[in-house]
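Here is how the chains run, residue by residue.
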Amino acid sequence: MLRIHNSLTRALEPFEPLEPGKVRMYVCGITVYDLCHMGHARMMTAFDVVYRWLRALGHDVIYVRNITDIDDKIIKRALERGMPIRRLTDEMISAMHADIGAIGLLSPTHEPRATDYVPQMLEMIGTLERKGFAYRTPGGDVNYAVRKFAGYGKLSGKSIDELRAGERVAVLDGKDDPLDFVLWKAAKADEPDDAKYASAFGPGRPGWHIECSAMSCALLGETFDIHGGGLDLQFPHHENEIAQSEAASGRPFARVWMHNGFLNVDDEKMSKSLGNFFTIRDVLRVTDGETLRFAMLRTHYRSPFNFSDALLDESRQALRRLYTALDAVAPDDTPLDWSQPAAAAFRDAMNDDFNTPAALAVLFDLAGAVNRERSPSAAAQLKSLGAALGILQQSPRVFLQGATKPDALDADAVERRIAERAQAKRSRDFALADRIRDELAAQGVMLKDGPQGTTWVRA
């Protein structure tokens with residue numbers, strides 16, 4: 001049985017969906033004011049693996065990953081660039097799709113934009129006000145009264161008293177308590193018209209926390225199976241989601257909470273101030289998407305992920321070992337049999353809280369078996385298990401020749417030089433043949449002569 005570490009209970013628990021065979025999962029997505037960075041890549045890849053494995057187990061999965069397309073940073077960036085908010089967010093969403101597509105992310109079932117769910121947010125805010133959990137401020141905002149919700153702090157493990165450190169900060173914007181958070185932000189006179197939405201509370205826009213509560217409820221129901229996101233969102237964002245959602249509905253919100261670990265770069269936290277901030281696009285200029293994905297799979301999703309150039313180099317070489325096995329022995333059409341030892345070991349690893357490092361170890365053992373036994377059925381098993389992680393689905397030769405790398409060689413030009421070398425050997429001009437081999441080697445091309453001719457890969 002699949003076991004998942006539940007952040008809510010801080011325990012590894014057997015997972016059983018509310019409805020047998022159907023899983024409803026919500027993951028907090030991206031605020032689209034700029035290109036996605038490596039922290040986003042790590043988070044989205046972690047939950048892409050969860051999505052893939054739940055489907056591999058036979059579940060019908062409804063996967064919702066939202067887009068925040070209205071907030072202060074978006075408004076500021078649109079004004080800086082002199083464009084409407086919608087044009088900026090459309091541009092950034094298109095860039096996001098291109099970048100995460102390059103690392104093999106599947107599309108979620110739903111990808112709601114916050115601005116399309118403002119009516120649902122307003123309805124939830126109204127419910128909270130009627131129930132006494134929300135209040136209006138003199139400045140026009142609507143805030144959530146944290147102390148009215150008895151369960152506040154249950155996700156983060158923090159009590160109200162422990163959170164009172166915030167009271168050292170002056171109470172601003174009409175808050176009754178520094179812990180209170182905004183549900184509806186009143187429009188400011190200097191904000192553009194496309195940042196303002198009409199409401200019974202006056203013109204304004206939703207606060208960040210209410211967005212996810214409203215969208216998840218609309219698409220998955222008031223109670224659903226899994227809610228995920230980065231560890232940085234556990235408090236206050238996810239804590240606030242629970243407070244407002246359960247206060248509004250009177251029912252439990254998400255049953256299982258999952259959080260992926262932080263991203264570090266060369267053992268330091270990634271930040272612009274440290275000069276170690278990388279977008280996905282930056283990294284894809286120096287490596288291919290599958291290598292980047294593989295690098296992230298080597299670390300368990302709950303552990304800190306230490307990103308480095310050395311990790312990318314090691315991951316490329318490790319992937320080469322797997323693809324070399326598939327290049328040497330073509331997979332047949334043998335269906336995946338979970339009773340086979342390698343498949344069973346892979347399944348056990350993934351059922352242990354999505355343990356991708358242990359699952360990858362199974363793939364390397366299986367590749368060794370492919371090389372020793374020259375078994376097409378074992379090769380088929382290797383490729384099928386790789387699919388559960390979103391890897392090993394390219395043509396092996398395409399990967400080994402580096403066709404997907406940013407510095408890909410001209411394959412036709414390499415083949416022409418190989419043909420010239422073959423002609424030189426037939427003419428017994430071995431000096432020329434050796435010179436062509438050396439020139440190709442200088443470009444990183446490794447030749448392999450065999451009965452069927454000469455093949456090549458990138459070093």
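No experiment lies behind these values; they were computed from the predicted model shown.

So, how was this worked out
Residues numbered from 1 in each chain as written. Predicted model: local features only at pLDDT ≥ 70, side-chain atom pairs only at ≥ 80, totals over all residues. Heavy atoms only, no water. Helix = DSSP H or I, 4+ residues; strand = E, 2+ residues; numbered from the N terminus. Buried < 20%, exposed > 50% of the residue type's maximum accessible area, 1.4 Å probe, protein only. Contact = heavy atoms within 4.5 Å. Areas by Shrake-Rupley, 256 points an atom, 1.4 Å probe, with all protein chains shown as cover. Lys, Arg positive; Asp, Glu negative; His and termini not counted. Charge placed at Lys NZ, Arg CZ, Asp CG, Glu CD. Salt bridge = Lys/Arg side-chain N within 4 Å of Asp/Glu carboxyl O.

### A few points about the overall build of the protein chain
Okay, so step 1: Across its full length, the protein chain holds 15 helices and 15 strands.
Okay, so step 2: Seen through its principal axes, the protein chain has C-alpha atoms that stretch 95 × 55 × 35 Å.
Okay, so step 3: A buried classification covers 51% of the 459 residues belonging to the protein chain.
Okay, so step 4: Considering only residue pairs separated by 6 or more positions, the protein chain has 73% of its internal contacts joining residues 24 or more positions apart.
Okay, so step 5: Accessible surface, the protein chain as shown: approximately 20500 Å² in total, 51% of it carbon and sulfur.
Okay, so step 6: Charge-centre separation for the protein chain: the mean point of 57 positive side chains lies 2 Å from the mean point of 64 negative side chains.

### Notes on the environment of Trp 257
Okay, so step 1: With respect to the secondary-structure elements, Trp 257 resides in strand E10 (residues 254-260).
Okay, so step 2: For Trp 257 and Arg 10, which are 247 residues apart along the polypeptide, the C-alpha to C-alpha distance reads 9.4 Å.
Okay, so step 3: Not counting residues within four places of it along the chain, the set of residues in contact with Trp 257 comprises His 5, Asn 6, Ser 7, Leu 8, Leu 155, His 227, His 238 and Ile 242.

### Overview of the pattern of salt bridges
Okay, so step 1: Under the criterion given, the structure shown has 34 salt bridges.
Okay, so step 2: For Arg 147, the salt bridge identified is with Asp 177, shortest N-O distance 2.5 Å. Highlighted residues: Arg 147 in the loop between strand E6 (142-144) and strand E7 (181-186) and Asp 177 in the loop between E6 and E7, separated in sequence by 30 residues.
Okay, so step 3: The class of Arg 147 is partly exposed, set by a relative accessible area of 39%.
Okay, so step 4: The closest approach of N and O atoms between Arg 437 and Asp 434, which form a salt bridge, is 3.4 Å.

### Some points on unusual backbone geometry
Most peptide bonds are trans, and most residues other than glycine sit at a negative phi.
Okay, so step 1: With an omega of 5°, the peptide bond running from Phe 235 to Pro 236 counts as cis.
Okay, so step 2: Along the chain, Pro 236 turns up in helix H6 (residues 234-249).
Okay, so step 3: One non-glycine residue with positive phi stands out, namely Arg 10, at about 55°.
Okay, so step 4: In this structure, Arg 10 sits in the loop between strand E1 (3-6) and strand E2 (11-14).
Okay, so step 5: Given the relative accessible area of 48%, Arg 10 is considered partly exposed.
Okay, so step 6: One non-glycine residue, Asp 266, lies in the positive phi region at around 50°.
Okay, so step 7: Among the structural elements, Asp 266 can be located in the loop between strand E11 (263-265) and strand E12 (268-269).

Remember, this is a structural readout, not a statement about activity or role.
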